[in-house]
Amino acid sequence: MSNRNRAPELAVPMEKERVSNYDPNKKNYIRQHDPEHVSRNRKQASKNSNFNGYDDEVIRGGKRARSKKPSAQQMMAPIKIETAYMAGDTITVRDLTEKIGKPAGEIIKKLFMLGNMATINSEIDFDTAQLVCSDFEITLERKQEQTAEAALVAEDFDDTEENLETRPPVVTIMGHVDHGKTSLLDYIRKSRVTAGEAGGITQHIGAYTVNVDGRQITFLDTPGHEAFTAMRARGTQATDIAVLVVAADDSVMPQTVESINHAKAAEVPIIVAINKMDKPDANPEKVKQDLTQYGLVCEDWGGETICVPVSAKTGEGVDDLLEMILLQADVLQLQANPNRLGRGVIIEAKLDKARGPLATVLLQNGTLHVGDSIIAGMASGRVRALINDKGDRVESAGPSMPVEIMGFDDVPSAGDEMIAVGDEHLSRQVADERREKLKASREATMAKMSMENLFSSIEAGKVTTLNLIIKADVQGSVEAVKQAMEKLSSDEVKIRVLHSAAGAITKDDVNLASAFNAIIIGFNIRPDASAREAAEKAKVDVRLYTVIYKAIEDMELAMKGMLEPEYREVLLGHAEVRNVFKITGAGIIAGCYVQDGKMQRNASVRLLRDSVVVFEGKLSSLRHLKDDVKEMAAGYECGMSLEGHNDIKEGDIVECYIMEEIPR
């Protein structure tokens with residue numbers, strides 16, 4: 001019999017008979033539910049080392065669904081941090097979590113326990129951070145991270161004796177305005193520079209070199225004392241020798257004295273050029289005599305100052321002057337190491353429309369090459385071109401050589417130190433760091449010496465010499481004040497008068513005071529407008545007196561630390577007490593009407609009864625209706641309580657005032 005004619009029940013396989021609700025469309029039904037098949041799957045899965053014990057629900061569609069493996073981070077043992085380091089004075093909670101490896105939530109909880117309601121972005125100080133770390137059994141130490149500036153200093157290397165070579169002297173010519181400085185410079189330049197090289201190109205660079213018997217001298221064509229003191233204020237010393245030009249017919253003039261004081265303050269040797277010897281009324285002996293009053297005694301008078309009679313018009317004595325400059329340079333033993341990265345000082349800088357920022361640099365040490373990475377102040381860059389004082393392009397510049405640099409990304413300031421850096425990235429880092437610290441550094445440099453901070457500076461050991469500039473109406477007063485001040489010198493502090501002269505306080509005096517951290521004392525005179533503005537900007541302490549003993553007394557008090565600030569009372573207003581309330585827990589509250597001015601919380605008050613003061617103290621609370629207020633104006637009613645005083649009666653007057661400090 002064929003299968004087609006068999007009974008239907010015989011056509012169903014025995015396996016399928018055992019399975020109820022069989023659906024032929026579900027191909028994997030038997031594989032999923034057949035007990036033998038499931039047991040085979042389990043045996044196969046047990047061979048796998050990662051098998052963790054499957055149940056029936058794990059095996060779906062005949063495929064093993066593996067359990068998720070733990071990540072490498074989860075399998076690692078937690079790192080135990082025992083010591084952490086903090087660089088600044090404060091740190092954010094976020095940064096602290098990274099340093100000590102603890103969740104921010106736990107740190108915030110610890111801070112909350114310490115009474116500090118902090119968030120993840122809150123800053124906490126070192127002591128607080130140390131307490132938090134100690135709770136986690138972590139030691140927090142302060143360790144300053146190396147800044148880019150420190151890396152720049154570390155990059156510098158010491159110059160040993162065998163590396164040093166003799167370098168040309170750098171000379172600045174100073175003197176009174178009409179005594180022939182420019183004429184002397186012009187004569188030297190024209191006589192010592194060949195005709196083809198001479199011309200306007202030498203002037204614009206602000207410095208030039210001349211040859212004398214095979215040796216070089218570098219002259220700085222500075223505009224005067226301002227540039228000289230600006231460089232000193234930034235701690236740079238560009239000049240080796242100062243040539244003081246004095247006219248033989250005029251002798252010593254006020255600006256001559258200023259030049260002497262500037263050179264002495266900078267501790268630069270002075271050579272005196274007695275100019276205009278071609279004039280019939282020239283009197284060099286009078287010049288020598290006048291100079292003795294300012295501590296300059298000529299060699300032929302038994303002193304140490306070199307005096308050379310010259311004439312910028314005829315050229316008389318100019319060769320002798322140049323020889324004396326070289327002689328003085330030999331005495332100073334000026335040396336530098338040319339086989340290192342260049343260092344120098346910015347003489348002047350400007351922005352050229354075609355060529356960008358240009359800076360005239362006087363190299364002081366090392367050699368600067370085209371392509372070097374450089375930094376000066378907040379300006380950095382790479383040397384694209386070097387132009388010497390003759391206007392020619394050069395590949396390198398050595399010690400005492402003035403060059404114009406093209407390649408800065410910004411215009412540097414005159415007086416900034418220029419440093420060649422081996423790493424371009426470091427020069428950019430330093431520039432960025434300096435920009436960030438600009439505000440802080442400005443405040444630091446502006447913290448000039450004043451009478452108020454003198455004693456604290458002496459106590460801290462910061463002041464050993466107090467520099468003064470004395471100006472008065474007449475020369476007699478100048479000498480009197482100067483002698484009186486110099487007598488105040490003690491073991492703790494020496495008083496040094498940088499400059500003293502008759503006449504108004506000028507901007508030049510302020511520049512000198514700013515450069516050398518000096519106090520200006522004026523007697524019977526006032527500063528002019530430009531000097532006043534400059535003093536405010538540079539935070540220079542200017543003291544004006546009309547009585548000598550008052551100046552002496554102030555200086556003595558400042559040196560002893562007894563210069564107390566003066567205060568004056570500023571009346572704010574009056575209020576009349578109209579009702580008195582007794583409130584449990586708050587004491588006596590006075591219901592008042594403000595008659596004039598205003599009442600201010602935490603200000604000083606007097607309680608007046610029949611114009612007699614019965615209490616002086618503080619206004620502890622001030623309310624309008626139910627609100628606490630800081631102040632209450634005239635015409636309004638308010639409630640107030642006095643700190644530590646409850647004896648208030650209707651009709652009393654409350655007088656409110658503050659104490660204001662008067663700048664001395």
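Quick note: structure is the one above.
Computed from a predicted structure; not experimentally measured.

Moving on to the overall build of the protein chain. Across its full length, the protein chain carries 21 helices and 35 strands. The 664 residues of the protein chain split such that 42% are buried. Summing over all exposed atoms, the protein chain offers an accessible surface of approximately 36900 Å²; the carbon and sulfur share of this is 48%.

Ordered by their spatial adjacency, four strands build an open sheet running E25-E24-E26-E27, and the pairing between neighbours is parallel. Edge positions in the sheet fall to strand E25 (494–502) and strand E27 (542–545), since each of these pairs with one other strand and no more. Between one strand and the next, the sheet's axes are offset by a mean angle of 20 degrees, whatever the strand orientation. Where strand E24 (residues 465–472) meets E25, eight bridges bridge the pair, whose relative direction is parallel. Its bridge partner being in E25, Ile470 is matched across the sheet by Ser500. In the packing of helix H18 (residues 475–486) onto the sheet, contacts are made with E24, E25 and strand E26 (519–523), and the angle to E25 comes to roughly 175 degrees.

So, about helix H6 (residues 104–113). Along H6, the residues that are buried comprise Ala104, Ile107 and Leu111. In an axial view of H6, the angular spread of the buried residues amounts to 65 degrees, which keeps them on one side of the axis. Facing away from the buried side of H6, by more than 90 degrees, are the exposed residues Lys109 and Met113. The inward-facing, buried residues of H6 contact helix H5 (93–100), strand E5 (123–125) and helix H7 (126–135). Gly115 occupies a position one or two residues after H6 and carries a positive phi of about 85 degrees.

Attention now moves to the state of the cysteines. What the rule picks out here adds up to one disulfide. Each sulfur of the disulfide joining Cys298 and Cys307 lies 2.1 Å from the other. When the S-S torsion is -65 degrees, as for the bridge of Cys298 with Cys307, the disulfide is left-handed. Cys638 carries a free sulfur, and the closest cysteine sulfur to it, the one in Cys592, is 5.4 Å from it. The exposure class of Cys638 is buried, given its relative accessible area of 6%.

Within helix H13 (residues 284–291), the full set of buried residues consists of Pro284, Val287, Lys288, Asp290 and Leu291. The buried residues of H13 occupy an angular sector of 165 degrees when the element is viewed end-on, so they sit on one face. Contacts from the buried residues of H13 go to strand E11 (241–247), helix H12 (254–265) and strand E12 (270–275).

Turning our eyes to something else, we now look at the pairing of E24. Consecutive side chains along a regular strand alternate between the two faces of the sheet. Across the eight residues of E24, seven count as buried, placing the element largely inside the fold. Where E24 meets E26, five bridges bridge the pair, whose relative direction is parallel. The partner of Ile470 across the bridge, within E26, is Ile521.

So, on to the packing of H5 against H6. Put simply, H5 and H6 touch, their axes get as near as 9 Å, and they point 115 degrees apart. Like other packed secondary-structure pairs, H5 and H6 cross with a definite hand, here right-handed. Two secondary-structure elements touch here, H5 through Val93, Leu96, Thr97 and Ile100 and H6 through Ala104, Ile107, Ile108 and Leu111. Partitioning the contact of H5 with H6 into residue classes produces seven nonpolar, one polar and no charged.

Even without a glycine there, the phi angle at Gln333 is positive, about 50 degrees. With respect to the helices and strands, the residue Gln333 is situated in the loop between helix H14 (318–332) and strand E14 (335–336). Classification of Gln333 as exposed rests on a relative accessible area of 63%. The backbone of Asn602 shows a phi angle near 70 degrees, a positive value even though the residue is not glycine. Relative to the elements of secondary structure, Asn602 occurs in the loop between strand E29 (587–600) and strand E30 (604–609). Looking at Asn602, the relative accessible area reads 52%, which means it is exposed.

Another point: the sheet that holds strand E10 (residues 215–220). Judged by pairing direction, the sheet is mixed, and its six strands sit side by side in the order E9-E10-E8-E11-E12-E13 without closing on themselves. Each having just a single partner strand, strand E9 (207–212) and strand E13 (306–309) make up the two edges of the open sheet. On average, each strand axis in the sheet is tilted by 30 degrees relative to the strand beside it, whichever way the strands run. Alignment of E11 against E12, held across six bridges, turns out to be parallel. Counterpart to Leu244 in the pairing with E12 is Val272.

Next up on the list: the pattern of salt bridges. Scanning all chains against the criterion turns up 20 salt bridges. Note that Glu569 is salt-bridged to Arg606, the shortest N-O span being 2.5 Å. Separated by 37 residues along the polypeptide, Glu569 in strand E28 (residues 566–583) and Arg606 in strand E30 bring together distant segments of the chain. The exposure class assigned to Glu569 is partly exposed, which follows from its relative accessible area of 39%. Its relative accessible area of 13% is what places Arg606 among the buried residues. For Arg606, the salt bridge is made with Glu655, and the minimal N-O distance between the two is 2.9 Å.

Another point: the packing of aromatic side chains. The description of two aromatic rings rests on the distance between their centres and on the angle between their planes. Under the counting rule described, the total for this entry stands at zero aromatic pairs. Positioned over the ring face of Phe136 is Lys110, at 5.2 Å from the centre of the ring. The side chain of Arg606 reaches across the aromatic face of Tyr657, ending 4.1 Å from its centre.

A surface patch of like charges, here negative, comprises Asp213, Asp278, Glu316, Asp320 and Glu323. In this structure, Glu323 sits in helix H14. Take Glu323: its relative accessible area is 44%, and that puts it in the partly exposed class.

On to the side chain of Asp652. If you trace the backbone, Asp652 turns up in the loop between strand E34 (637–642) and strand E35 (653–662). Among the polar contacts made by the side chain of Asp652, one reaches the main-chain amide nitrogen of Lys649 at a distance of 3.0 Å. With residues up to four places along the chain from it excluded, the contact list for Asp652 reads Ala575, Glu576, Val577, Leu607, Leu608, Arg609 and Asp647.

Take the pairing of strand E8 (residues 170–175) next. Buried residues dominate E8, accounting for six of its six residues. Of the two faces of E8, the one lined by Val170, Thr172 and Met174 and the one lined by Val171, Ile173 and Gly175 are each fully buried. Pairing analysis gives five bridges linking E8 to E11, with the strands arranged parallel. Across the sheet, Ile173 pairs through a bridge with Val243, a residue of E11.

Here the focus is a nonpolar patch on the surface. Among the surface-exposed residues, Phe112, Met113 and Met117 lie close enough to one another that they form a single nonpolar patch of about 420 Å² accessible area. With respect to the helices and strands, Phe112 occurs in helix H6.

Conventions adopted
Residues numbered from 1 in each chain as written. Predicted model: local features only at pLDDT ≥ 70, side-chain atom pairs only at ≥ 80, totals over all residues. Heavy atoms only, no water. Helix = DSSP H or I, 4+ residues; strand = E, 2+ residues; numbered from the N terminus. Buried < 20%, exposed > 50% of the residue type's maximum accessible area, 1.4 Å probe, protein only. Areas by Shrake-Rupley, 256 points an atom, 1.4 Å probe, with all protein chains shown as cover. Pairing = 2+ DSSP bridges. Axes fitted to C-alpha atoms, helices over the stretch in contact; angles between N-to-C directions. Contact = heavy atoms within 4.5 Å. Arc of directions from axis to C-beta. Disulfide = S-S within 2.5 Å. Left-handed = near helix turned anticlockwise from the far one by under 90°. Nonpolar A, V, L, I, M, F, W, Y, C, P; charged D, E, K, R; others polar. Salt bridge = Lys/Arg side-chain N within 4 Å of Asp/Glu carboxyl O. Phe/Tyr/Trp six-rings, centres within 6.5 Å; stacked < 30°, edge-to-face > 60°. Lys NZ or Arg CZ within 6 Å of the ring centre and 35° of its normal. Patch = residues over 30% accessible without salt bridge, like charges linked within 9 Å, V, L, I, M, F, W, Y side chains within 5 Å. Lys, Arg positive; Asp, Glu negative; His and termini not counted. Charge placed at Lys NZ, Arg CZ, Asp CG, Glu CD. Polar contact = N/O pair within 3.5 Å; in protein donor to acceptor, adjacent residues only side chain to side chain.

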